[in-house]
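So the chains spell out like this:
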Amino acid sequence: MTKQIIVPFGPQHPVLPEPIHLDLVLEDERVIDAVPSIGYIHRGFEKLVEKREFTEYTYIAERTCGICSFIHGATYCQAIEQIMNIEVPERAQYLRVIWSEYSRLHSHLLWLGLFADAFGFENLFMGAWRIRERVLDVLEQTTGGRVIQGSAKIGGVRRDISGEKLDAMVKDLDILDREMKDLTTVFLEDESVKHRLRNVGILSREDAYHLGAVGPTARGSGAAFDLRMTGYGAYDRLNFQLVTDSCGDCYSRCLVRAKELFTSTDLIRQAAKKIPDGPIDVKVTGAPNGEFFMRAEQPRGELVHYVKGNGTKFLARSRIRTPTLTNIPPLVKILQGCELADVPVIVLSIDPCISCTER
Amino acid sequence: MVFFEMTKTALKSVLSKPATILYPFEPAKKTDLSRGHVVFDGSKCISCGICMKKCPAQAILVTKEAKTWQIDRFRCIVCNSCVDTCPAKCLSMDTQYTAPVSVKGVEVFTITYVKPVKPPADKAGAAGE
Amino acid sequence: MMLPPQSITPIEVGRLVGNVERFRNEGYRLVQIGCTKVADHYEINYCFDKDYMFEVLRITVTADTEVPSITGMYWGAFIYENEMHDLFGIQVKGMNIDFKGTLIKTRVKFPFSQAAEKVATPKPAPAKAEPKKEEAP
C-alpha cells in the first residue's frame, strides 16, 4: 500500500491563468482522484437581471466570456426573440453566423496556441497567435471590438457589413486557410507533438456522453453532436460536416478543433455568398413574457441560455449554463488514473474557460 | 513519421518582417469603428437622461439641476449603448482608448445647451391660428 | 427562423428519480439542471437531450424540501446540484461528491434564496444609491 498524498493544482498555475482548483490525490506519480473547486471569481451575472432592463442585459450577457462573447450575446438575443416571437431579418441571421464563426476561429486559434504552450512548444504558440491576429483584425474592422464585439441586439444586429468588405473578407480567408494549414500540420503530423498527446487522458464515448461532455471534448471521443445541426439562425441553410474522432485522447480533441477551423472558414464563405440584402434589425416593443431554453454551439461546446420573463422589462431569471461547467465532471473522470506530469495538458485539452463558468 | 514540420514556418518567420509593432513608438492599430471612449458634446445635450438609464454599467450620471454630465471611465464598458440611444446626438464614440491614470475618479462635463426659445413660440403661434 | 416550442413536463418530487432513470435508459444525456425562484417556491428544471430532442422535467419545491440527487444515474450532475445548493440553499440528498456549500463561496449565504432576499434587499438599496451621490462634486 503506497502512501497517498494530495497535491493542489491551481487556482494559480503557470499553465492555466484561470482560477480553478483541483486537489489531486496521488499514489506515487499516479493521480487516483481529483476534486475540483471553483467559485473564486463568481460575478453574479444571473442576479443582475433584476437590476438591468432586458435590452441592456444583452451587453452584460455578452461579457460573460472574453473569448466567445459574440455567441453569448447572440444566444441571449435569440432566447428573447423566441419568447417575444420576433422574426429576425434574414441578413441579420447571416451576419450573426459570420461573426459567430469568426469568434470560433479566434477561440480555436487561441486554444491551439495555449495548448502548444502547455506541452512546451513556444514557437508554435506564437505562430497560432499571429494567425489569430488576422481574425481579430477582421472582427475589429467589422464590429469595433477585438474580443467584445457588441454587435448583437434583440431583433437583429447593430452593424452591417458592406458588400465590398464581405468580398475582401472572403479573399482574406484564402490566406488564412493557407496559414492555418501550415499551423495545423505541425499539430497533427509532427512526431514530437503526437508523442506528447497520443494516449494521454482518454475519455471513452460512453463516459463523454453520460457525464455531460459537450463540444470538441465530446466530439473527440466520438459522441457526435453539434448544436449548429439544429439549424438555429441561418445554420439550416448552410452545409457543413461534423468533425469527430474516436480515440478520445488529447490528440483527438486537438484534431477536432484543428479541423473545425476549416469548417468555420467554409461556413463564412457560404454565408458571404448567400447573404441577402435587406434590413438588419426590427423594432422591438413590449417585454418578454414566457420562458425558453436557447441552446447554441460555442467553440467550447453547447451553451444554454435559459430566460424567463414576467411581462416587465426586468427578467425574472436568466440562467447561463456555459460549456466549461458541464465539461468539469468529464475532466475529473479523465484525470483519474493519469500521470501527474500530464495533468496540465489534460486540463487544457478540455479548453477550460473558468471565468465563463462563474457567471 | 514527420519531424521538423515547424522548420518551414520558422524559416519563413526569420525571413519575413516582424508580425508585431513597436507599440509606443509606432501608433497602435485602429479602425474606423473601434470603440475607444465616449465623447460628450455639452452644447447639444438636452439633459434627458436616457444615456444614464440605458447604461448597463451605470457609469453615467446626468444632473439636471446642476447641469452636469459625468462619466466614470472605470465603470464604462464602452458598449456604445449611450451613443446609440442619445436622441440629441450629443454623444459620439472616439477610436482612441482612454489614457491610463493613477487615480480613480469621474469626469464631469458641463451642459451648455440652452433651449431655443423660438420653436415653442412658433408652435404656440401655430396652435393659436 | 422560429424554433419549435419546448415541452416542459411538471412532475412531483417523488417521481423524479424514476423519470430520470427512464431518460438514462433511453439514452438521453443530461444537458443541465437549473433552479429558478418563483414567488415563495423554487422551480428546478432538469434538461435532457437525445439527437437534438430536448426534454425538460420540472419539479416545484419549497425551501425545506429535500430533493433526491440524480448523481446515481448521471455521475456528472454533482456540479449542478452543488451549485443549486450553494446559490439557492436547496437541500440535495445523496450526492456523490458533496462540497457542503464550498463549491461557490459567497459573502451572503445562498444569495438567490428567499431568505437572502429578505435580509439583503433593504440594506444594499440605499447603500448603492449613496456612492453615486458622493461622486458628485
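Please refer to the structure placed before this passage.
Residues numbered from 1 in each chain as written. Chains lettered and ligands numbered in written order. Predicted model: local features only at pLDDT ≥ 70, side-chain atom pairs only at ≥ 80, totals over all residues. Heavy atoms only, no water.

A.B. asks: Sorry, what's going on with the overall build of chain C here?
C.D. replies: When helices and strands are counted, chain C shows four helices and six strands. Taking the intrachain contacts of chain C between residues at least 6 apart in sequence as the baseline, contacts between residues at least 24 apart amount to 50%. In the structure as shown, chain C presents an accessible area of about 6,800 Å², 58% of it carried by carbon and sulfur atoms. (Helix = DSSP H or I, 4+ residues; strand = E, 2+ residues; numbered from the N terminus. Contact = heavy atoms within 4.5 Å. Areas by Shrake-Rupley, 256 points an atom, 1.4 Å probe, with all protein chains shown as cover.)

A.B. asks: Can you walk me through the sheet that holds strand β3 (residues 30-37) of chain A in this structure?
C.D. replies: Adjacent strands of a sheet pair through backbone hydrogen bonds, lying either parallel or antiparallel. All names here are of chain A. Spatial ordering of the open sheet is given by β1-β2-β3, a layout of three strands whose pairing is antiparallel. For this open sheet the edge positions go to β1 (4-9) and β3, each flanked by a neighbour on one side alone. Within the sheet, the average angular offset between the axes of one strand and its neighbour, ignoring direction, is 25°. Of the pairings in the sheet, the one linking β1 to strand β2 (residues 21-27) comprises six bridges and is antiparallel in character. Of the residues in β2, the one forming a bridge with Val7 is Leu24. On the sheet, helix α11 (residues 323-335) packs against β2 and β3 and is oriented at approximately 160° with respect to β3. (Pairing = 2+ DSSP bridges. Axes fitted to C-alpha atoms, helices over the stretch in contact; angles between N-to-C directions.)

A.B. asks: Sorry if this is basic, but what is going on with the pairing of strand β8 (residues 317-321) of chain A here?
C.D. replies: Within a regular strand, the side chains alternate between the two sheet faces. All names here are of chain A. With respect to burial, β8 is a largely interior element, five of its five residues being buried. With burial as the criterion, each face of β8 is covered, one bearing Arg317, Arg319 and Arg321 and the other bearing Ser318 and Ile320. In this structure, strand β7 (residues 301-310) lies alongside β8, joined through five bridges in antiparallel fashion. Along β8, the bridge assignment pairs Val307 with Ser318. Hairpin connection, β7 to β8: the antiparallel pair is bridged by six residues, and Gly311 has positive phi, about 90°. (Buried < 20%, exposed > 50% of the residue type's maximum accessible area, 1.4 Å probe, protein only.)

A.B. asks: Could you clarify how one ought to interpret the pairing of strand β6 (residues 289-298) of chain A in this entry?
C.D. replies: Residue and element names in this part refer to chain A. In terms of burial, β6 is largely enclosed, as seven of its 10 residues are buried. With 10 bridges connecting them, β6 and β7 associate as antiparallel partners. Looking across to β7, one finds that Arg295 is bridged to Val304.

A.B. asks: Which parts of the structure should I look at to understand the interface of chain A and chain B?
C.D. replies: Accessible area lost during the coming together of the parts is what is often quoted as the interface size. Between chain A and chain B, the contact holds 31 residues from the first and 29 residues from the second. Carbon and sulfur atoms make up 47% of the surface buried where chain A meets chain B, a total of about 2,500 Å² over both sides. On the chain A side of the contact with chain B, Arg130, Glu140 and Glu191 of chain A bury the most area, a combined 20% of that side's loss. Remark: the boundary between chain A and chain B carries seven salt bridges. For Glu53 of chain A, the salt bridge identified is with Lys54 of chain B, shortest N-O distance 3.6 Å. Linking chain A with chain B are 15 residue pairs in polar contact (both at pLDDT 80 or more), by the criterion used here. (Buried area = accessible area lost by both parts, 1.4 Å probe. Salt bridge = Lys/Arg side-chain N within 4 Å of Asp/Glu carboxyl O. Polar contact = N/O pair within 3.5 Å; in protein donor to acceptor, adjacent residues only side chain to side chain.)

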